[in-house]
Amino acid sequence: MVQAGRPRANTTEEIARRHLLQPWPVAGSIGAEARGLIGEGDGIYVVDGEGRRLIDGPAGMWCTNVGHRNQELAGVMYEQAMALSYNTPWYTMNEPSAALAARIAAHAPGDLDHVFFTTGGSSAVETALRFMQFYNNVRGRPDKKMVVSRGGAYHGSTYLSASLNGRPRDRDWMDGADGLVVKLSCPDPFRRPAGMSVEAFRDLLVQEFRDTVERIGPDRIGAFVGEPVMASGGVIVPPEGYLPAIRDICRENDILFIADEVVTAFGRLGHVFASKDVFGIEPDMITFAKGVTSGYFPLGGVVISGALVEEMRRSNHADAMFAHGLTYSSHPVGCAVALKNLDLLENGILEHAGAIAPYFQQRLKTLEELPLVGEVRGLGLMACVECVADRESRNPLALDNEVGKRIDAHCHELGLLVRPLIHMCVMSPPLIITRDQIDDMVAILHEGISRTMDDLRAEGLWQG
Ligand SMILES: Cc1ncc(COP(=O)(O)O)c(C=O)c1O
């Protein structure tokens, strides 16, 4: 209803400014913001509100893995909605969810063969953590509940998952379940202590975990949760051997290792799951979301080790209830889309992603010739361009905090969407990107960063 004396909102921007709350707003503009409008998408491109065609650099939010406007995914959504649009998972089940669980189990490492479906990544992490709590309660270890996370991590926006987040600024004004979480250092080789080798840095991080387990006590720690490659923290690829060493410590101390593969699963690193195929580890649980439906439907889940499930079945508490479920757990439309998405990945897209990744990384690496760029790093089809004020000290602090946004604004003019993260730009395009399109993307980024350097110099914010 239009309020008296208030002119009618006509454009999408006006309506949004009046009624739409979007993620991560700041108090000063909350509820009064209109973000860039995206009208439609096709392949690796989207079209903005002014009709400008842009390369979708972040693939939405690490999710549009098979690209936009995929006829087969759209078709299967329609067909499943017409066949069965919903059933309650409380006391019924549907065929697509059982079939998808089996397909996912076949791709998951080790004995991870049971899948609990959720509505996205946060609910997947929340489910894994609540399962860990339930598991330890049933085993008669109610004190074994603390969760180890890391600086730079991002695990979601529900209370428990958000309590694990370790990125700067995410927790400044937000509460969390602090008594339940302990944080380790971010395994970022670029930010290792000056003069230290990457191997020595890895050993330091591993020792920090050992010391933490000793200090808190293994009987109080239920799980370690980690993204194999920290995504929203700036595509942080840990030192070689780090993840297997953490995995070993977990095993030695009866601590569950939860790999948060919300970003890295479903093709981003060339495999359905990266834990084993890329990093050689077998977690106790893996969380996934995003790429499981290429973003066409909100779906996520946790793959859980059969041994854990079996242990629950054989416990002395047959009546103990895992009182956890979501109205949209095992949604038939989401699961049908995910099955078709897996077909597409298995029939060429995974192979393509693996084959083109070295070219993607190598071309992006050329941006290091620009003096504002401190490092370009990444793995598979995920990468980050980190800007620094000074290459020697690697100091980003003196830089304008909005440097990522400035690069994004220039790139937008030139035909590329970038995901700006403070002084970093993250690139994770749809997996179907071609060599020519990678060349276009890198050329635009080069020009966008060059223009940003000119602006920063002109405004006296940077002397590089
Ligand atoms: C590693 C990781 N875990 C969990 C999440 C939360 O997922 P969602 O936003 O679908 O709840 C994200 C989101 O970006 C993520 O990157």
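Let me sum up the structure you'll find in this document. (Residues numbered from 1 in each chain as written. Predicted model: local features only at pLDDT ≥ 70, side-chain atom pairs only at ≥ 80, totals over all residues. Heavy atoms only, no water.)

## Here's the deal with the overall build of the protein chain
- The helix and strand tally for the protein chain stands at 13 helices and 15 strands.
- The C-alpha atoms of the protein chain give a radius of gyration of 23 Å, which matches the 23 Å a tight globule of 464 residues would have.
- Summarising its shape, the C-alpha atoms of the protein chain cover approximately 70 × 60 × 50 Å along the three principal directions.
- Put simply, 70% of the contacts in the protein chain that link residues at least 6 apart link residues at least 24 apart.
- In the structure as shown, the protein chain presents an accessible area of about 20700 Å², 52% of it carried by carbon and sulfur atoms.
- Both charge centroids of the protein chain, one from 44 positive and one from 59 negative side chains, sit 3 Å from each other. (Helix = DSSP H or I, 4+ residues; strand = E, 2+ residues; numbered from the N terminus. Rg over C-alpha atoms; globule rule 2.2 N^0.38 Å. Contact = heavy atoms within 4.5 Å. Areas by Shrake-Rupley, 256 points an atom, 1.4 Å probe, with all protein chains shown as cover. Lys, Arg positive; Asp, Glu negative; His and termini not counted. Charge placed at Lys NZ, Arg CZ, Asp CG, Glu CD.)

## Here's the deal with the nonpolar core
- Grouped together as the largest cluster of nonpolar side chains are 102 residues, with contacts concentrated most on Phe224, Phe266, Phe273, Phe288, Leu364, Leu445 and Ile449.
- A total of 16 residues in this core trace back to one element, the largest contributor, which is helix α11 (residues 332-365).
- Grouped together as the second largest cluster of nonpolar side chains are 23 residues, Ala128, Val181, Ala223 and Val309 included. (Core = buried A, V, L, I, M, F, W, Y, C linked by side-chain atoms within 4.5 Å. Buried < 20%, exposed > 50% of the residue type's maximum accessible area, 1.4 Å probe, protein only.)

## Side note on the pattern of salt bridges
- All chains considered together, the criterion is met by 30 salt bridges.
- Among the salt bridges present, the one from Arg171 reaches Asp178, with a minimum N-O distance of 2.6 Å.
- A relative accessible area of 22% places Arg171 in the partly exposed class.
- Of the charged contacts, one joins Asp439 and Arg363 as a salt bridge, the two residues approaching to 3.0 Å between their closest N and O atoms. Taken as a pair, Asp439 in helix α13 (residues 435-458) and Arg363 in helix α11 lie far apart in primary sequence, 76 residues in all.
- Residue Asp439 is classed as partly exposed on the basis of its relative accessible area of 24%.
- By relative accessible area, Arg363 is classed as partly exposed at 22%.
- Residues participating in the shared-partner salt-bridge network are Glu72, Arg103, Lys340, Asp343 and Glu346. (Salt bridge = Lys/Arg side-chain N within 4 Å of Asp/Glu carboxyl O.)

## Details of the layout of surface pockets
- If you add up the space inside the second largest pocket, you get close to 590 Å³.
- Around the second largest pocket, the lining comprises 24 residues; the ones closest to its centre are Val115, Phe116, Phe117, Phe322 and Ser330.
- Within the residue set of the lining of the second largest pocket, elements represented by two or more residues are α4 (95-107), β4 (112-118), α5 (121-138) and α10 (306-313).
- Considering every element that reaches the lining of the second largest pocket, the biggest residue donor is β4, with 5 residues.
- Taken together, the residues of the lining of the second largest pocket break down into 14 nonpolar, 9 polar and 1 charged. (1 Å grid on protein atoms, 1.4 Å probe; cavity = no way out; pocket = protein on both sides within 12 Å on 5 of 7 lines; lining within 4 Å. Points joined across faces, edges and corners; volume = space filled by probe spheres on them. Nonpolar A, V, L, I, M, F, W, Y, C, P; charged D, E, K, R; others polar.)

## A closer look at the site of the ligand
- By nearness alone, every residue bordering the ligand is listed as Gly120, Gly121, Ser122, Tyr154, His155, Gly156, Glu227, Asp260, Val262, Val263 and Lys290.
- Within the side chain of Ser122, one N or O atom sits 2.6 Å away from an oxygen atom of the ligand.
- The separation between a nitrogen atom of the ligand and a polar side-chain atom of Asp260 is 2.7 Å.
- Protein contacts shield 83% of the accessible area of the ligand, which totals 390 Å² for the unbound molecule.
- In the shell around the ligand, the residues fall into 3 nonpolar, 5 polar and 3 charged. (Near = heavy atom within 4 Å. Polar contact = N/O pair within 3.5 Å; in protein donor to acceptor, adjacent residues only side chain to side chain.)

## So, the pairing of strand β9 (residues 285-288)
- Alternating residues of β9 divide into Met285 and Thr287 and Ile286 and Phe288, and every residue in both groups is buried.
- As paired elements, strand β8 (residues 256-260) and β9 share 3 bridges and run parallel to each other. Considered in β9, the bridge of Asp260 is made with Thr287.
- Where β9 meets strand β10 (residues 300-305), 4 bridges bridge the pair, whose relative direction is antiparallel. Bridge assignment links Ile286 to a residue of β10, and that residue is Val303. (Pairing = 2+ DSSP bridges.)

## So, helix α8 (residues 242-252)
- For α8, the complete set of buried residues consists of Tyr242, Leu243, Ile246, Arg247, Ile249 and Cys250. Down the axis, α8 shows its buried residues gathered within 160° of arc, on one side only. Projecting away from the buried face of α8 at angles above 90 degrees are the exposed residues Arg251 and Glu252.
- Buried residues along α8 sit in contact with β5 (146-150), α7 (198-216), β7 (221-226) and β8.
- Once α8 finishes, Asp254 follows within two positions and takes phi at roughly 60°, a positive value. (Arc of directions from axis to C-beta.)

## Focus on the sheet that holds β10
- One open sheet accounts for 7 strands, arranged β4-β10-β9-β8-β7-β5-β6; its pairing is mixed. Bordering the open sheet on either side are β4 and β6 (181-184), each of which pairs with just one other strand. Averaged over all pairs of adjacent strands, the angle between strand axes in this sheet comes to 20°, irrespective of strand direction.
- In terms of strand pairing, β4 meets β10 through 6 bridges, oriented antiparallel. In the strand pairing of β10, His114 is matched with Ile304.
- Sitting on the sheet, α4 is in contact with β4, β9 and β10, with an inclination near 135° to β4. (Axes fitted to C-alpha atoms, helices over the stretch in contact; angles between N-to-C directions.)

## Concerning the packing of aromatic side chains
- Here the structure, examined in full by the defined rule, presents 13 aromatic pairs.
- Measuring from centroid to centroid gives 5.9 Å for Tyr86 and Tyr328, while their planes differ by 85°, and the two rings are edge-to-face. Placement of Tyr86 in the loop between α3 (71-83) and α4 and of Tyr328 in the loop between α10 and α11 is noted, with a sequence separation of 242 residues between them.
- Given a relative accessible area of 31%, Tyr86 falls into the partly exposed group.
- Consider the rings of Phe116 and Phe322, whose centres lie 6.2 Å apart with planes at 75°: the pair is edge-to-face. Taken together, the residues Phe116 in strand β4 and Phe322 in the loop between α10 and α11 connect sequence positions 206 residues apart.
- The partly exposed category is assigned to Phe322, whose relative accessible area is 21%.
- Taken together through their ring pairs, the aromatic side chains of Phe116, Phe131, Phe134, Tyr135 and Phe322 make up a single cluster.
- Across from the ring centre of Tyr45, 3.6 Å away, lies the NZ or CZ of Arg53, which sits over that ring.
- Directly above the ring of Tyr359 sits Arg435, whose terminal nitrogen or CZ lies 4.1 Å from the centroid. (Phe/Tyr/Trp six-rings, centres within 6.5 Å; stacked < 30°, edge-to-face > 60°. Lys NZ or Arg CZ within 6 Å of the ring centre and 35° of its normal.)

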